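Fold and contact review
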Amino acid sequence: MLMALVLASIMAAAVTVLLRRERRRTGSSPDGRHIEAAAMRAFRDARRQAHTYEHFGTVGGSISALRDRDSRS
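Residues numbered from 1 in each chain as written. Predicted model: local features only at pLDDT ≥ 70, side-chain atom pairs only at ≥ 80, totals over all residues. Heavy atoms only, no water.

**Quick word on the overall build of the chain**
Scanning the chain from N- to C-terminus turns up three helices and zero strands. What you see in the chain, going N to C, is helices and strands ordered as α-α-α. By residue count, 3% of the 73 residues in the chain fall in the buried class. (Helix = DSSP H or I, 4+ residues; strand = E, 2+ residues; numbered from the N terminus. Buried < 20%, exposed > 50% of the residue type's maximum accessible area, 1.4 Å probe, protein only.)

Set out below in structure tokens:
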């Protein structure tokens, strides 16, 4: 019972923090939105690059990735 109360309290605190942050973010300036968009693009590019390195990281992965690529055309 005590564990459930502790978990509920932690979740309530986390939701409260997220809601406060979201309210603060809605009124950002155009420069802030531009910076955030650029950061998100960089984050997506980094994820794509990491996925590519993971996919082509080994010889077996390279061969299967090339096979997959060639089968689509």
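Moving on, there is more to tell.
**As for the pattern of salt bridges**
Counted under the stated rule, the structure contains one salt bridge. The shortest N-O distance in the salt bridge between Arg48 and Asp45 comes to 2.9 Å. Of this pair, Arg48 and Asp45 are both found in helix H2 (residues 30-55), three residues apart, which corresponds to roughly one turn of the helix. (Salt bridge = Lys/Arg side-chain N within 4 Å of Asp/Glu carboxyl O.)

**Some points on a nonpolar patch on the surface**
Nonpolar side chains collect at one region of the surface, where Leu2, Met3, Leu5, Val6, Leu7 and Ile10 lie side by side and expose about 630 Å² of accessible area between them. With respect to the element layout, Leu5 can be found in helix H1 (residues 2-26). (Patch = residues over 30% accessible without salt bridge, like charges linked within 9 Å, V, L, I, M, F, W, Y side chains within 5 Å. Areas by Shrake-Rupley, 256 points an atom, 1.4 Å probe, with all protein chains shown as cover.)

**Things to note about the confidence of the model for the chain**
Any residue range with low pLDDT should be treated as having predicted coordinates unsuitable for detailed reading. On average, residues of the chain carry a pLDDT of 76, and 66% of them reach 70 or more. Model confidence for the chain, summarised as mean pLDDT per element, is weakest for helix H3 (residues 59-72) at 56 and strongest for H2 at 84. (pLDDT = per-residue confidence, 0-100.)

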